[in-house]
Amino acid sequence: SHPRCAEFMGQYPVIHLSFKNVKSASKEESMDLMKSVIADEFERHNYLLDREFLDELKIEYYTKIQNKKGTDGDYTQSIKYLSAWLHRAYGKPPYILLDEYDTPLHSAHVDKYYDQMIAFIRSFMVQTFKDNPHLKQAVLIGILKIAQESIFSDFNNPRVSTILSSAMKDCFGFTEAEVEKMASYFGLESTLDGIKEWYNGYIFGGNTVIYNPWSIVNYLSSPDEGLKPHWISTSDNRLVKEVIKLKRRDAIMTTEKLLRKEEVRKPLLTNIPYTQIENDPDVVWSFLLHSGYLKASERQQEHTHITWRLSIPNLEVETAWETVVLNWLKEDLSVNEDFADFVSGIREANPHLIERGLKRILFGLSSYYDSARDEKDRRENFYHGLVLGLLAYLGSAYAVDSNREYGRGRSDIVVVRKGSDPAQAEKAFVFEF
């Protein structure tokens, strides 16, 4: 243990809140969930009701918050009041720990009540962390440092650490040395290469390899079940699907490059406005990085322009990318069986299935006006981009080359099956538009 731990352990009151489950399809339901979180924390400290300093009015307010009977305005001030009462009871100001502070805003953005939710969150944050003289120190953890909504602008110089920062870069996950030590302790050294392939890959502070602790703990607790996705099954990827659906060619082309493990370089942001996630390509890739769907390495700077190399961290996350792309095609493009025919045709080397699936997709999705342009290149690019998007789901099992030289010519798209089986490796598809 750290020598300074004894100086603080058990010496200060603590208010601990987690908004991880505050997500719903409506503002009313989300507010009810948030009130439950605050009410539970009041319940945990209900010994304060026995203190002499709580007069009748304070007890009435305390009971109202505890029983979820207060107004929205009551709850914006509730933690500030709880801090004051704890300060008076212990003679020391409390620490406030708030985990997943941005989950309510994430959900509100997806379900289209963001403006209503941000008003409450902004007031709650200011009351709790800015206008609170009874606060010793606070720690807030979330995916994003949210910009342009002013929930942080009124704070007094908060210290911010992101995935790109060197501060605390080894504190929010397992380092490579720690994973190797755990694997050795459980007698699983022989699976270490597999562990690295499945769960390795996050890079914090530009140079520190970090493993997702949830995935490592789940695997080590049940290694007989084998290496498989763990974190992905707990993640809400609705917003990820939304950002991949950007109506920009960049999104589809970049996704296809990522799945093929080609180099992708992008500028990255640490202050991310939710309102721009679906409109600004730079914001999109920054969001996916901070959400855990990408990793950033190889920082390059030319004058004031800074870019990072982006890639999919590991097999666990790669399965999420493939699943999200498939769900996008199934749910939002309504090509369930048709898309399945197209993909099965590639996998089975069956041109009839490919033709049938592609024909139905084109009739079901596109209009004459999508490809009716004056220039030939524009007509061709429509089909080229559409098929590249469809092929992205093939992922790492196939090599998909776009506009590459083969022999003495250059094909629009070439698809080659990977693997050691010579019969499979000999099968290739050439698409010309």
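Note that the coordinates shown come from a computational prediction; the quantities given were computed from them, not determined experimentally.

### Structural notes on the side chain of His45
For step 1, the next point in the chain: The residue His45 is located in the loop between helix 2 (27-44) and helix 3 (56-66) in this model.
For step 2, the next point in the chain: At 2.8 Å, the side chain of His45 and the side chain of Tyr47 are in polar contact.
For step 3, the next point in the chain: Non-local contacts of His45, meaning those with residues more than four positions away in its chain, are made with Val14, Tyr62, Leu82 and Leu86.

### Considering the pairing of strand 10 (residues 295-302)
For step 1, the next point in the chain: As paired elements, strand 10 and strand 11 (residues 305-311) share 6 bridges and run antiparallel to each other. Counted as the bridge partner of Gln300 is Thr307 from strand 11.
For step 2, the next point in the chain: Hairpin remark: strand 10 followed by strand 11, antiparallel, with 2 residues in the connecting loop; positive phi at His303, about 60°.

### What to know about the pattern of salt bridges
For step 1, the next point in the chain: Taken as a whole and judged by the stated rule, the model has 15 salt bridges.
For step 2, the next point in the chain: A salt bridge links Asp74 to Lys64, with the nearest nitrogen and oxygen atoms 3.4 Å apart. Of this pair, Asp74 sits in helix 4 (residues 72-90) while Lys64 sits in helix 3, and the two are 10 residues apart along the sequence.
For step 3, the next point in the chain: Of the residues examined, Lys64 reaches a relative accessible area of 31% and is grouped as partly exposed.

### A closer look at the sheet that holds strand 5 (residues 174-175)
For step 1, the next point in the chain: Pairing is antiparallel in the open sheet, where 3 strands are placed in the order 5-7-6. At either end of the open sheet lies a strand with only one pairing partner, and these are strand 5 and strand 6 (202-204).
For step 2, the next point in the chain: Examined bridge by bridge, strand 6 and strand 7 (residues 208-211) share 3 bridges and lie antiparallel to one another. By the bridge assignment, Phe204 is partnered in strand 7 with Thr208.

Scoring rules and cut-offs
Residues numbered from 1 in each chain as written. Predicted model: local features only at pLDDT ≥ 70, side-chain atom pairs only at ≥ 80, totals over all residues. Heavy atoms only, no water. Helix = DSSP H or I, 4+ residues; strand = E, 2+ residues; numbered from the N terminus. Polar contact = N/O pair within 3.5 Å; in protein donor to acceptor, adjacent residues only side chain to side chain. Contact = heavy atoms within 4.5 Å. Pairing = 2+ DSSP bridges. Salt bridge = Lys/Arg side-chain N within 4 Å of Asp/Glu carboxyl O. Buried < 20%, exposed > 50% of the residue type's maximum accessible area, 1.4 Å probe, protein only.

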